Protein chains: 2
Amino acid sequence: MLEVEVYVSLKKTVSDPQGLAVKRSLESLGYSEVKEVRVGKFIQLRLDLEDREKASQRIEEMCKKLLANPIIEDFTFKIK
Amino acid sequence: MLEVEVYVSLKKTVSDPQGLAVKRSLESLGYSEVKEVRVGKFIQLRLDLEDREKASQRIEEMCKKLLANPIIEDFTFKIK
């Protein structure tokens, strides 16, 4: 069994209204040091696979097909 | 300027309907090796601070107050 963490973030060129709202909320709580906030997804998977190389290919596919939107999002992942 | 990554996930005891929906979608795409999916948040911050210890305290506060819901979510973060 492999544990995988996938990190999905909006591309730098895509505006992030949710991140902006969080930044403003943090500012209003007194955290004026916060200069930028981007909100993405953190996806944890458990895979019934042992072959890490095969898992890596499968996860890459899953990200491109479903977990991320490659038009507006970047993704990275880590097999633990 | 410090770059920070915050990872927010639902506690193990909290059910995750979004994760379940993703798992079912992955299964229907043929990824039968997927045994569990949990969906959380991946938050990237840029902070106008140099002191990493102070930053760590401030981020911990931000997580408890706003970025995560400590009743149902766990969080970790990494200062890069």
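Up top is the structure these notes are about.
Residues numbered from 1 in each chain as written. Chains lettered and ligands numbered in written order. Predicted model: local features only at pLDDT ≥ 70, side-chain atom pairs only at ≥ 80, totals over all residues. Heavy atoms only, no water.

## Some points on the overall build of chain A
Phase 1: For chain A, the helix and strand inventory stands at two helices and three strands.
Phase 2: Reading chain A from its N terminus to its C terminus gives the helix and strand order β-α-β-α-β.
Phase 3: Here the C-alpha radius of gyration of chain A, 16 Å, is well above what a compact globule of 80 residues would show, namely 12 Å.
Phase 4: For chain A, the C-alpha atoms occupy an extent of roughly 50 × 25 × 15 Å along the three principal directions.
Phase 5: Split into buried and exposed, the 80 residues of chain A put 42% on the buried side.
Phase 6: Counted over contacts in chain A with a minimum sequence separation of 6, partners at least 24 positions apart contribute 69%.
Phase 7: Per element, the accessible surface of chain A, about 4500 Å² overall, is 49% carbon and sulfur.
Phase 8: Taking the 15 positively charged and 14 negatively charged side chains of chain A as two groups, their mean positions are separated by 3 Å. (Helix = DSSP H or I, 4+ residues; strand = E, 2+ residues; numbered from the N terminus. Rg over C-alpha atoms; globule rule 2.2 N^0.38 Å. Buried < 20%, exposed > 50% of the residue type's maximum accessible area, 1.4 Å probe, protein only. Contact = heavy atoms within 4.5 Å. Areas by Shrake-Rupley, 256 points an atom, 1.4 Å probe, with all protein chains shown as cover. Lys, Arg positive; Asp, Glu negative; His and termini not counted. Charge placed at Lys NZ, Arg CZ, Asp CG, Glu CD.)

## A closer look at helix α1 (residues 17–28) of chain B
Phase 1: For α1 of chain B, spanning 12 residues, the distance from its first C-alpha to its last is 16 Å, which sits close to the expected 16 Å at 1.5 Å a residue.
Phase 2: Here the buried face of α1 of chain B lies against β2 (34–47) and α2 (52–67) of chain A together with β2 (34–47) of chain B.
Phase 3: Where α1 of chain B terminates, the next one or two residues include Gly 30 of chain B, which has phi positive at roughly 105°. (Expected span 1.5 Å × (residues − 1).)

## Some details on the relation of the copies chain B and chain A
Note that the two copies of the chain are related through a rotation about an axis and a translation along the same axis.
Phase 1: Mapping chain B onto chain A calls for a rotation angle of 180° and an axial translation of 0.0 Å; the resulting RMSD is 0.0 Å. Taken together, the rotation and translation describe the operation of a two-fold axis.
Phase 2: The fraction of interface residues of chain B whose copies in chain A are also interface residues reaches 100%, indicating that both copies meet through the same surface. (Least-squares fit on C-alpha atoms with pLDDT ≥ 70 in both.)

## Some remarks on the side chain of Glu 73 of chain B
Residue and element names in this part refer to chain B.
Phase 1: Considering the arrangement of structural elements, one finds Glu 73 in strand β3 (residues 73–79).
Phase 2: It turns out Glu 73 is buried and unbridged, and the closest side chain with the opposite charge, Lys 41, is 4.4 Å from it.
Phase 3: For Glu 73, the contacting residues outside a window of four places in its chain are Val 8, Ser 9, Leu 10, Lys 11, Lys 41, Leu 67 and Ala 68. (Salt bridge = Lys/Arg side-chain N within 4 Å of Asp/Glu carboxyl O.)

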